[in-house]
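Tertiary structure, described
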Amino acid sequence: MQLDIRPIHYMGMDCFTDSLVNVAAWLKREYALAFSDSWSFDFKPVDPDSPDLLGNRIARGKDSIIDIIHALCGIGFAFPNTENSQEILAIIRSQLAKGLPTIIDIDSFWCPWHNEYQKLHSPHFCMAMGIDDENNIFCADPILTPRINILHRSQSMNGCSKCVTFTIAEPKEEVDYGIFFEDAVKRLFQIDMFNKIRAFADEFENSLNYAEEFKNFKISAFYVPMHRRISYISGGRVLFSIFSNYIAERTNRSELRNVRNELKKVTFKWDMVKGLLTKCYYDQFDRKTQYKIADIIRKIADEEEAIAISLLQSQSSQYDSREDAADTCIESNKAGMPDREIVCVDLKEYFNNNGFGTSVSMDCKANLTGLGEYFLAEGLPSGKVWDLGGMCFAFPEICDGQNDNISCRQQTIEIPKGIYRSIMLLGSAEWGNFCDNVLLHYEGNKTEAMQIVFTDWVSEPALGERAVWKGSIIKKTKNDAEILRFLQARIFAREYILPEEGSIESITLPHCPNMHIIAISLC
């Protein structure tokens, strides 16, 4: 007895609401309406009488997902009183006989597909969508895996304590989609969301105690309240994009489809904040990074406010669409021209990170991310000029224990004298995708900013680069070093036309330690 539910994870959801939305989607109800409040933000100023971590005082704000699924999707919920797992098994069978799943509360310690299995105790929710004659439960767990998982009888007996059942009816309310969407945008101003984001940025910059925020969370950065809540805040922008697309379909308002592109850019910035915080957790935190993160958050507030104002002002007009954030980087259309001279910059004295290792060994000194992870140097042109068909780079010599890339911390790189029209970059990012500005210092004391991008080293190129090498990732643990079998490392290359052709004397890199530059060439 098993239902045909194919789990899909919706970014920005916790395990309970993710399961609810999957049920609504499976039943072909208007689940996208439940995301109308997901574009939100709340911030509570510090209470001198009861101080709390800054991370505990930010949130996505009021979420109406459960209420909307009930009112507008016609899905009701019940929370049966159960005393043991045997009663939960009986409820699962009863619900399956009605053609309905059951949400079960399983202790993560007894959940075999959870990364806390046999390690930590924490509540976790998933969907029971089938059961066999031996009382093994078939579970859909969209937040963790797209696969169907088996919870064996011994595990449910130890780990299951509660469950949630469903009743299905016709929706209680009819929706005027245009008004529903307009009200969702107006609420952003009613809750003063944009000024709350700015207030968060101010406190982050002026009084963040980084050591206090992170000190009690030694297992992983993902358990830190600030990190986790920013993940939900970022994901909320993705959910609202799904909502706006659905409204666009129902109302034939094509301009609303462009909200996805606009919110994609601010989501990218929220993810940069999260990535920088993660890097600090495993590396070091400094005032430059603190100021940088605060500046990104202020830009987010300005951009989100502009999107909301534009939406309210263009109810019946075409929404002004801009290109995706990554596409603001100007890429050369002259790549591959054989008649140009390419100058490879010697970066050896600027290298401050050892990201490549020649062996799978605990003794290898390479550590790209601060977690003991590094590129396995196979199939790379160590110490040679690397011709990539239009782009050329002086690839560093790979020696164990020797730095071979730049983790960007505002280094100023001296450039060989010459007139240049484009720059080529070779590298990768870690803990997410990143964009930032380099400063080009021209002869005559003129400076121009130019945006550069790097995709995360374990992802397919997402920001317009070329993946020019794929290889193995090595991870060192306390007792061993191993190849991560299900991940591939990548190095990316991209050429950018300079804002102005001329004589460049030096280039100042951004303060973004998540960006790693392996080589720079100019033409």
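Use the structure listed above.
All values reported here derive from a predicted model rather than from experimental measurement.

Turning next to the overall build of the protein. Counting its regular elements, the protein contains 10 helices and 23 strands. Its C-alpha atoms give the protein a radius of gyration of 26 Å, near enough to 24 Å, the size a compact globule of 523 residues would have. Relative to its full complement of 523 residues, the protein shows a buried share of 54%. Looking at the protein as shown, the accessible area adds up to about 23400 Å², and 48% of this sits on carbon and sulfur atoms.

A separate point is a negative patch on the surface. Residues Asp346, Glu349, Glu414, Glu443 and Glu505 make up a contiguous surface patch of negative charge. Relative to the helices and strands, Glu443 is located in the loop between β17 (434-442) and β18 (446-454).

Tallied over the full model, the rule gives 28 aromatic pairs. Their ring planes at 65 degrees and their centres at 5.1 Å tell us that Phe16 and Phe125 sit as a pair that is edge-to-face. Of this pair, Phe16 sits in helix α1 (residues 15-26) while Phe125 sits in strand β5 (residues 123-131); the two residues are 109 residues apart in sequence, bridging distant segments of the chain. Taking relative accessible area as the criterion, Phe16 reaches 14% and is therefore assigned buried. By the ring-pair criterion, three or more aromatic residues cluster together here, those being Tyr210, Phe214, Phe222, Tyr281, Tyr282, Phe285 and Trp431.

With that out of the way, let us pick up the sheet that holds strand β10 (residues 356-357). Taken in spatial order, the four strands of this open sheet run β10-β11-β20-β21, and their pairing is mixed. Two strands in the sheet have a free side with no partner beyond their single neighbour: β10 and β21 (481-483). The pairing of β10 with strand β11 (residues 373-376) spans two bridges and is classified as parallel. Bridge assignment links Gly357 to a residue of β11, and that residue is Leu376.

The strand order β3-β8-β4-β5-β6-β7 describes an open sheet built from six strands, whose pairing is antiparallel. The two strands at the open ends of the sheet, each matched to only one other strand, are β3 (75-78) and β7 (148-151). Within this sheet the neighbouring strands show an average axis-to-axis angle of 40 degrees, counted without direction. Where β3 and strand β8 (residues 160-168) come together, four bridges link them in antiparallel fashion. Bridged to Gly76 within β8 is Thr167. Sitting on the sheet, helix α3 (residues 85-97) touches β4 (102-107), β5, β6 (137-140) and β8, and the angle it makes with β8 is about 20 degrees.

Now for the side chain of His124. Residue placement: His124 occurs in strand β5. In this structure the side chain of His124 is engaged in a polar contact, spanning 2.6 Å, whose partner is the side chain of Asp141. Ignoring any residue separated from it by four or fewer positions in sequence, one finds His124 in contact with Cys15, Ile104, Asp105, Ile106, Cys111, His114, Asp141, Ile143 and Leu144.

Before going further, it helps to spend a moment on helix α6 (residues 193-207). Across its 15 residues, α6 extends 21 Å between first and last C-alpha, which sits within 8% of the 21 Å expected from 1.5 Å per residue. Buried-residue contacts for α6 involve β1 (42-43), β2 (58-59), α5 (177-190), α8 (225-251), α9 (259-282) and α10 (287-313).

With that settled, the discussion passes to the environment of Ile517. In this structure, Ile517 sits in strand β23 (residues 511-522). Excluding its chain neighbours within four sequence positions, the residues that come into contact with Ile517 are Leu347, Phe351, Asn405, Ile406, Cys408, Leu426, Gly427, Phe454 and Leu509.

It is worth spelling out α10 at this point. Relative to the 39 Å expected for 27 residues at 1.5 Å per residue, α10 spans 39 Å between its end C-alpha atoms, a close match to the ideal helical length. Residue Asp286 occupies the N-cap position of α10, its side-chain oxygen lying 3.3 Å from the main-chain nitrogen of Lys288.

Orientation of α8 relative to α9, taken along the N-to-C sense of each, is 170 degrees, at an axis distance of 9 Å. Taken together, the axes of α8 and α9 are roughly antiparallel relative to one another. Classifying every residue of the contact of α8 with α9 by side-chain character gives 12 nonpolar, eight polar and four charged.

Quick look at the packing of α6 against α10 now. Running from N to C, α6 and α10 cross one another at 175 degrees; their axes reach a closest spacing of 9 Å. In terms of axis orientation, α6 runs roughly antiparallel to α10. On α10, the residues touching Met193, Phe194, Ile197, Arg198, Phe200, Ala201, Asp202, Phe204, Glu205 and Asn206 of α6 are Arg287, Gln290, Tyr291, Ile293, Ala294, Ile297, Arg298, Ala301, Asp302, Glu304, Glu305 and Ala308. In terms of residue class, the contact of α6 with α10 is built from 12 nonpolar, two polar and eight charged.

Moving on, we come to the pattern of salt bridges. Applying the stated rule across the entire model yields 27 salt bridges. By sharing partners, the salt bridges in this structure join Lys279, Asp283, Asp286, Arg409 and Glu430 into a single network.

Rules behind the numbers
- Residues numbered from 1 in each chain as written.
- Predicted model: local features only at pLDDT ≥ 70, side-chain atom pairs only at ≥ 80, totals over all residues.
- Heavy atoms only, no water.
- Helix = DSSP H or I, 4+ residues; strand = E, 2+ residues; numbered from the N terminus.
- Rg over C-alpha atoms; globule rule 2.2 N^0.38 Å.
- Buried < 20%, exposed > 50% of the residue type's maximum accessible area, 1.4 Å probe, protein only.
- Areas by Shrake-Rupley, 256 points an atom, 1.4 Å probe, with all protein chains shown as cover.
- Patch = residues over 30% accessible without salt bridge, like charges linked within 9 Å, V, L, I, M, F, W, Y side chains within 5 Å.
- Salt bridge = Lys/Arg side-chain N within 4 Å of Asp/Glu carboxyl O.
- Lys, Arg positive; Asp, Glu negative; His and termini not counted.
- Charge placed at Lys NZ, Arg CZ, Asp CG, Glu CD.
- Phe/Tyr/Trp six-rings, centres within 6.5 Å; stacked < 30°, edge-to-face > 60°.
- Pairing = 2+ DSSP bridges.
- Axes fitted to C-alpha atoms, helices over the stretch in contact; angles between N-to-C directions.
- Contact = heavy atoms within 4.5 Å.
- Polar contact = N/O pair within 3.5 Å; in protein donor to acceptor, adjacent residues only side chain to side chain.
- Expected span 1.5 Å × (residues − 1).
- Parallel < 35°, antiparallel > 145°, perpendicular 65-115°, else oblique.
- Nonpolar A, V, L, I, M, F, W, Y, C, P; charged D, E, K, R; others polar.

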